[in-house]
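# Remarks on the overall topology
Chain by chain, the residues:
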Amino acid sequence: MSRNLIVIVSDEHQAGVMGCAGHEFIQTPHLDRLAARGTRFETAYTPSPICVPARAAFAAGQYVHQTRHWDNASPYTGTPQGWGHQLQKAGVGVESIGKLHYRNPDDDSGFDKLHIPMMVKDGVGMIWASIRHQDERLSPPSRMLGEYIGPGESSYTTYDRAATEKTVSWLKDHQSDETDWCLYVGLVAPHFPLVVPQPFYDLYKDRDFSDVKAHPGDGFTRHPWVEVQNELMNSDIEFKDDAERHAAHVAYHGLISWLDHNIGQILTTLDETGLSENTTIIYSSDHGDNVGARGLWGKSNCYEESAAIPLIIAGPDIRHGVCKTPASLLDVSATIPRYFGIEPDEKMVGTDLMKLAAQEADTERVIFSEYHAAGAVSGAFMIRKGCWKLIYYVGFEPELFDLASDPDELHNLASDAVWAEKKAELIAELYQICDPEAVDKQAHADQREMVEALGGLEAVKDMGPKGATPPPST
């Protein structure tokens, strides 16, 4: 009997918005069922809270400052080689269905076959957002959340439906395989545009979403780095009225239930074909979404809403329960080759999730994330250790949060002398991983070089997508 692995990665799924994570009203019965028959990681993070860098880091199993895929215009090309290449070298079949957000289907990205792959637009991506000097930055060419918000169909819901159908048919075609295989499935929901089929919109249309955390309109003061970033792409002030803002909340939650519905079809097919007996499933997302917290939408910062991700592994011989050891999407990268008995490349920084789930919890494990993309005039770096989180901004004062007493990250303790030693400890942990000033300088230099290679500041204004990346024809 073959040994199989399915890795499902969604886009922009806020970590806590699952029933199994304790959310008070979200309907995610299939993800809850998956968590019940495996391990849910209570605390997990993306290597970078934006699509393309997170996905390149995941493919390679390395930090963003190691891969130097900094933003949504520096997509993965197959270099550095990652877990897919390792499987290929070992003779394990590896295919992908759906969103990858790499450069080009013809690149050697580590898959034997790519089915309806979604790549960055024109192989270039969001190059206008690679301009990061404060006086040169370009505003988004259109409203990032989409021109229409509400119930209905978008190119993304159509694409996810097609990717799910392809996955179902692929599993049926491979149910009798005697050789090992790995299937990667990339679903787009709940990424904007905030449009969702009517039945899923109706699940939440009557809920009250007016009590938004830390909104500037209620007197909250955003960190200066965030304020400067948000000057470039302030989605919250672009809603037509309060009714449309409400619709955005409804649609986001509806898209999570739509995502859950599609995952349910995949899980049902595994049961019906008997593949559940010899197939392990990993579910995660590339990053989260602010969904209005602090008056922010989308991702692109290191707060919990944006940087934390859902993470579940389920299958034969996987322990049932909740793992309190903090984890990263890069741990998924390391898990994939290990699942097939392959020693991960020594440059991969993650740890096997099955090992983490089986051993005693290490709540002090350090997790790292970084951001060098749209709107950011300097790099942001996150260290999570125990209940403490440091957000280090190059050129700005840092933020320090005690997530045990302040899970909403409302009280920055970085300037409090009582916590000076803790702040110094976490800064030292950061410098063990990278020199943030040197990394920031490298990112800016690489991005400037990329812009100049494409013709300079004026030339790139009209390049790349005007909003969310368009999917391929399905």
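A brief structural summary. (Residues numbered from 1 in each chain as written. Predicted model: local features only at pLDDT ≥ 70, side-chain atom pairs only at ≥ 80, totals over all residues. Heavy atoms only, no water.)

For any pair of aromatic rings, the description rests on two quantities: the centre-to-centre distance and the angle between the ring planes. Tallied over the full model, the rule gives 18 aromatic pairs. Pairing Trp-83 with Phe-111 gives two aromatic rings, centres 5.8 Å apart and planes at 85 degrees, and the pair type is edge-to-face. One end of the pair, Trp-83, is in helix α4 (residues 83-89); the other, Phe-111, is in the loop between β4 (93-99) and β5 (113-118), with 28 residues separating them in the sequence. For Trp-83, a relative accessible area of 1% gives the class buried. For the pair Phe-200 and Trp-258, a centre-to-centre distance of 5.6 Å together with 75 degrees between the ring planes defines the contact as edge-to-face. A residue pair is termed long-range when its members are at least 10 positions apart, and Phe-200 in helix α6 (residues 198-201) and Trp-258 in helix α8 (residues 242-273) qualify at 58 residues. Exposure remark for Phe-200: the relative accessible area of 16% places this residue in the buried category. A relative accessible area of 4% means that Trp-258 is categorised as buried. One aromatic cluster is present, built from ring pairs that chain together Phe-58, Trp-83, Phe-111 and Tyr-184. When the ring centre of Phe-25 is taken as origin, the NZ or CZ atom of Arg-207, which lies over that ring, is 4.0 Å away. Positioned above the aromatic ring of Tyr-303, the side-chain terminus of Arg-294 is 3.7 Å from the ring centre. (Phe/Tyr/Trp six-rings, centres within 6.5 Å; stacked < 30°, edge-to-face > 60°. Helix = DSSP H or I, 4+ residues; strand = E, 2+ residues; numbered from the N terminus. Buried < 20%, exposed > 50% of the residue type's maximum accessible area, 1.4 Å probe, protein only. Lys NZ or Arg CZ within 6 Å of the ring centre and 35° of its normal.)

Any two packed helices are characterised by how steeply their axes cross, that is the angle between the axes, and by the distance between the axes. The N-to-C vectors of helix α5 (residues 155-173) and α8 enclose an angle of 10 degrees; their axes lie 9 Å apart at closest approach. With respect to α8, the element α5 is oriented roughly parallel. Each of Thr-157, Asp-160, Arg-161, Thr-164, Thr-167, Val-168, Leu-171 and Lys-172 in α5 lies in contact with α8, whose residues at this interface are Leu-255, Trp-258, Asn-262, Gln-265, Ile-266, Thr-269, Leu-270 and Thr-273. Looking at the contact of α5 with α8, its residues break down into six nonpolar, seven polar and three charged. (Axes fitted to C-alpha atoms, helices over the stretch in contact; angles between N-to-C directions. Parallel < 35°, antiparallel > 145°, perpendicular 65-115°, else oblique. Contact = heavy atoms within 4.5 Å. Nonpolar A, V, L, I, M, F, W, Y, C, P; charged D, E, K, R; others polar.)

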